[in-house]
Amino acid sequence: MRRLKRPLIVVANRLPVSRGPDGWEASAGGLVTALRPVIEEVGGAWIGYDDDPDEVPARVDGLACELHPVSLSEEQFHGYYHGFANRTLWPLFHDLVVEPVIDRRWWQSYVEVNRRFGEVLARVVKETDGEPVLWIQDYHLMMLPGIARGLVPEAPIGFFLHIPFPPPELVARLPWRDQLLQGLLAADAIGFHTRQYRDNFVRSVQRLFSGVTALGDKLILPDGRQVRAVAHPISIDVDEFSELAVSDATNQEMEELSEQFAGRTVFLGVDRLDYTKGIRHRLQSIELLLERRPELRGQLAFVQIAVPSRDDVKEYRELRTEVETEVGRINGRFTEPGHDVPVHYLYRGVPRESLAAYYRLADVMCVTPLKDGMNLVAKEFVTVQAAAEGAGVLLLSEFCGTAQEFGDDAVRTNPFDVEGQSYLMESALELDHLERAARMRRMAGSVRDADVYRWVSDELAGIEPGSRGP
Ligand code: GDG
């Protein structure tokens, strides 16, 4: 893995820590895991929001970086996070799955909060020994590269977008599109999950600003400055998930689940409860399948783990009601007295061992988002299944980044076609066991070849100093 020589400063909406029963601890998650060895080697800092900034410790065990909380007023956080980030950018960048809200006050808060992050960043850069590399994460902070460039002109700046970048026709709807893209273009390198998102970005830039030339992975701006725009698919820690797959705790969970679901074919969904994830469409496909094939009614179980998310936002509360109505309707229609329900709905996250056990248990994993930047659940599923020598089927939406990596080894679905998707669910059950196992091994192999360490390494290697001059 290519290593940085300079200290690294990561800036993200949130700090990578949370308060557990035994005090503050590093959060579990791909980004933190992948950065841990890099930060250990070069040292560094992490800047992010926390709603309890005075309580956040300077460091936590197991994460060799300084923590710098950004404090925001309730009103600032509301306008920036619940408003502009999650009700304007999120739906706009996910192809208008719901209509984005355009609100000038939210935009003002967004800019204000990005400036606030900039102030903290400038202070941290000043306090850091050596010349740090700055790595800014995601759609919450798209103005920050520009702000940081003004405050610390010499620092190399990278930006990574974790959600899709939409086509220019959609970007055009944003009244502040020019400012937002100018903000991003101040970075030295801008990373996207896929080539398609990267190309959408380049097309938007060329449509909005004249005199920009695209040359290989570089954009040459009218003033001669060069910016890299690259596709680096994010991934997971494959060794960690492979070990988790067969750990004692997971085996124990698996034993219990196998007993509970004995004799039944298990379909599984694991998502944040988000309208981009296609949960309602998925439930409707299950309903059609049970309607068409009465003999499956006692035999099929659909488990949906729905992790609560953004419940301060109206559209998310409405989605919860719709999903729960749908679950109630299906169970009301198809449950036989004295027998188990067809849909098992968990409105909560489960511990990692349980999650791995569910991945192992699933005969068909339904990853069917209407739009999703990448989708790590799909990568975790194939990794866990392969480690446990499973032969489950992955039903995978063609509208997520992961679909580009798995080709025809997944059963590809268009989740908008609810009926078509119900036929694909049915066909997944008919795939030959050896064929399924072979597909699983190939998909897991491709995740192993491009794991999260590779992603970090490619990203950081791209944010090189010296590429900014004419
Ligand atoms: C955004 C983009 C992109 C889920 N349920 C439980 C649980 N999880 C964990 C999974 C997985 C993570 O949450 C979800 O990651 P995804 O990638 O699927 O989706 P988003 O949260 O929407 O993430 C997405 C990602 O950023 C990275 O760039 O792939 O496109 O939308 O790791 O394991 N974990 C536990 N219990 C659960 O019940 N412990």
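As a reminder, the structure under discussion sits directly above these lines.
Each value, and the rule that gives it
- Residues numbered from 1 in each chain as written.
- Predicted model: local features only at pLDDT ≥ 70, side-chain atom pairs only at ≥ 80, totals over all residues.
- Heavy atoms only, no water.
- Helix = DSSP H or I, 4+ residues; strand = E, 2+ residues; numbered from the N terminus.
- Buried < 20%, exposed > 50% of the residue type's maximum accessible area, 1.4 Å probe, protein only.
- Pairing = 2+ DSSP bridges.
- Axes fitted to C-alpha atoms, helices over the stretch in contact; angles between N-to-C directions.
- Contact = heavy atoms within 4.5 Å.
- Near = heavy atom within 4 Å.
- Areas by Shrake-Rupley, 256 points an atom, 1.4 Å probe, with all protein chains shown as cover.
- Nonpolar A, V, L, I, M, F, W, Y, C, P; charged D, E, K, R; others polar.
- Polar contact = N/O pair within 3.5 Å; in protein donor to acceptor, adjacent residues only side chain to side chain.
- Core = buried A, V, L, I, M, F, W, Y, C linked by side-chain atoms within 4.5 Å.
- Domains from an automatic or database assignment.
- Parallel < 35°, antiparallel > 145°, perpendicular 65-115°, else oblique.
- Left-handed = near helix turned anticlockwise from the far one by under 90°.
- Salt bridge = Lys/Arg side-chain N within 4 Å of Asp/Glu carboxyl O.
- Phe/Tyr/Trp six-rings, centres within 6.5 Å; stacked < 30°, edge-to-face > 60°.
- Lys NZ or Arg CZ within 6 Å of the ring centre and 35° of its normal.

### Structural notes on unusual backbone geometry
What is expected of a backbone is that most residues other than glycine have negative phi and most peptide bonds are trans.
Turning to step 1, where the next piece is worked out: With a phi angle near 55°, Asp 95 is a residue other than glycine that sits in the positive phi range.
Turning to step 2, where the next piece is worked out: Its place among the elements puts Asp 95 in the loop between helix H2 (74–93) and helix H3 (104–127).
Turning to step 3, where the next piece is worked out: The class for Asp 95 is partly exposed, based on a relative accessible area of 35%.
Turning to step 4, where the next piece is worked out: Of note in the backbone geometry, Asn 375 takes a positive phi value of approximately 100° without being a glycine.

### Focus: the sheet that holds strand S6 (residues 133–137)
Turning to step 1, where the next piece is worked out: Here we have nine strands laid out as an open sheet, ordered S5-S4-S1-S6-S7-S8-S11-S10-S9, and mixed in their pairing. The strands lining the two open edges of the sheet, one partner per strand, are strand S5 (66–70) and strand S9 (213–215). On average, adjacent strands in this sheet sit at an angle of 20° to one another, irrespective of strand direction.
Turning to step 2, where the next piece is worked out: Of the strands in this sheet, strand S1 (8–14), S6, strand S7 (157–160), strand S8 (189–192) and strand S11 (226–231) touch helix H17 (residues 452–462), which is tilted by about 125° from S6.

### Overview of the pairing of strand S4 (residues 44–49)
Turning to step 1, where the next piece is worked out: Counting buried residues along S4, six of its six residues qualify, which places the element largely inside the surrounding structure.
Turning to step 2, where the next piece is worked out: The alternating pattern of S4 places Gly 44, Trp 46 and Gly 48 and Ala 45, Ile 47 and Tyr 49 on opposite faces, both of which are buried.
Turning to step 3, where the next piece is worked out: Pairing of S1 with S4, which is carried by five bridges, proceeds in the parallel orientation. Considered in S4, the bridge of Arg 14 is made with Tyr 49.
Turning to step 4, where the next piece is worked out: Relative to S5, S4 runs parallel, the two sharing five bridges. Across the sheet, Ile 47 pairs through a bridge with His 68, a residue of S5.

### Digging into the site of the ligand
Turning to step 1, where the next piece is worked out: Looking at the ligand, there are 21 residues lining it, with His 162, Val 350, Asp 372, Met 374 and Glu 380 nearest.
Turning to step 2, where the next piece is worked out: Out of a free accessible area of 740 Å², the ligand has 78% covered by protein chains.
Turning to step 3, where the next piece is worked out: Of all the elements in the fold, those that place two or more residues in the shell around the ligand are strand S12 (265–272), strand S13 (300–307), helix H12 (352–361) and helix H13 (376–387).
Turning to step 4, where the next piece is worked out: Here the shell around the ligand is composed, by residue class, of eleven nonpolar, five polar and five charged.

### Some points on the side chain of Asp 138
Turning to step 1, where the next piece is worked out: Positionally, Asp 138 belongs in the loop between S6 and helix H4 (144–151).
Turning to step 2, where the next piece is worked out: Among the polar contacts made by the side chain of Asp 138, one reaches the main-chain amide nitrogen of His 162 at a distance of 2.8 Å.

### Structural notes on the nonpolar core
Turning to step 1, where the next piece is worked out: The biggest cluster of nonpolar side chains holds 90 residues, and the ones touching the most others in it are Phe 117, Met 142, Phe 165 and Phe 201.
Turning to step 2, where the next piece is worked out: With ten residues, the top contributor of residues to this core is H3.
Turning to step 3, where the next piece is worked out: When residues of this core are sorted by domain, at least three fall in each of domain 1 (8–235 + 453–461) and domain 2 (238–449).
Turning to step 4, where the next piece is worked out: If sequence neighbours within four positions are ignored, Phe 201 has contacts with Phe 165, Leu 181, Leu 184, Leu 185, Ile 190, Phe 192, Leu 219 and Ala 229.
Turning to step 5, where the next piece is worked out: Core analysis: the second largest hydrophobic core is formed by 38 residues, Val 270, Ala 378, Leu 394 and Leu 396 among them.

### Regarding the environment of Pro 16
Turning to step 1, where the next piece is worked out: Relative to the assigned elements, Pro 16 resides in the loop between S1 and strand S2 (17–20).
Turning to step 2, where the next piece is worked out: Considered as a pair, Pro 16 and Arg 87 are 71 residues apart in the sequence and their alpha carbons are 24 Å apart.
Turning to step 3, where the next piece is worked out: Setting aside residues no more than four positions away along its own chain, Pro 16 makes contact with Glu 25, Ala 26, Ser 27, Val 32, Trp 46, Leu 63 and Leu 67.

### What to know about the packing of helix H9 (residues 248–260) against H12
In a pair of packed helices, the angle between the axes and the distance between the axes together describe the arrangement.
Turning to step 1, where the next piece is worked out: Axis separation between H9 and H12 bottoms out at 8 Å; the angle between their running directions is 55°. Between H9 and H12, the angle falls in the class oblique. For the crossing formed where H9 meets H12, the hand is right-handed. Where H9 approaches H12, its residues Ala 249, Thr 250, Asn 251, Glu 253, Met 254, Leu 257 and Ser 258 are matched on the opposing element by Glu 353, Ser 354, Ala 356, Ala 357, Tyr 358, Arg 360 and Leu 361.
Turning to step 2, where the next piece is worked out: Taken together, the residues of the contact of H9 with H12 break down into seven nonpolar, four polar and three charged.

### Overview of the pattern of salt bridges
Turning to step 1, where the next piece is worked out: For the coordinates displayed, the defined rule picks out 34 salt bridges.
Turning to step 2, where the next piece is worked out: In this structure, the salt-bridge partner of Arg 329 is Glu 287, at a minimum N-O distance of 2.9 Å. Taken together, the residues span a long stretch of sequence, with Arg 329 in helix H11 (residues 314–334) and Glu 287 in helix H10 (residues 279–292) at a distance of 42 residues.
Turning to step 3, where the next piece is worked out: Note on Arg 329: relative accessible area 40%, which makes it partly exposed.
Turning to step 4, where the next piece is worked out: Assessed through its relative accessible area of 6%, Glu 287 is described here as buried.

### Focus on the packing of aromatic side chains
The geometry of an aromatic ring pair is captured by the separation of the ring centres together with the interplanar angle, meaning the angle of the planes.
Turning to step 1, where the next piece is worked out: What the rule picks out here adds up to 20 aromatic pairs.
Turning to step 2, where the next piece is worked out: Aromatic pair Phe 84 and Trp 176: ring centres 5.9 Å apart, planes at 70°, arrangement edge-to-face. One end of the pair, Phe 84, is in helix H2; the other, Trp 176, is in the loop between helix H5 (168–171) and helix H6 (177–185), with 92 residues separating them in the sequence. Neither Phe 84 nor Trp 176 differs from the other in exposure class; each is buried.
Turning to step 3, where the next piece is worked out: When the ring of Phe 399 is compared with that of Phe 416, the centres are 5.8 Å apart and the planes differ by 65°; the resulting orientation is edge-to-face. Here Phe 399, found in the loop between strand S16 (393–397) and helix H14 (403–406), pairs with Phe 416, found in the loop between strand S17 (411–413) and helix H15 (418–430); they are 17 residues apart in sequence, far enough to count as distant.
Turning to step 4, where the next piece is worked out: Given a relative accessible area of 27%, Phe 399 falls into the partly exposed group.
Turning to step 5, where the next piece is worked out: Ring-pair connections join several aromatic residues into one group, and the members of that group are Tyr 49, Phe 77, Tyr 80, Tyr 81, Phe 84, Trp 107, Tyr 110, Phe 117 and Trp 176.
Turning to step 6, where the next piece is worked out: A cation over a ring is seen here: Arg 292 above Tyr 423, with NZ or CZ 3.8 Å from the ring centre.
Turning to step 7, where the next piece is worked out: In this arrangement the basic side chain of Arg 352 is found over the ring face of Phe 241, its NZ or CZ atom lying 5.2 Å from the centre.

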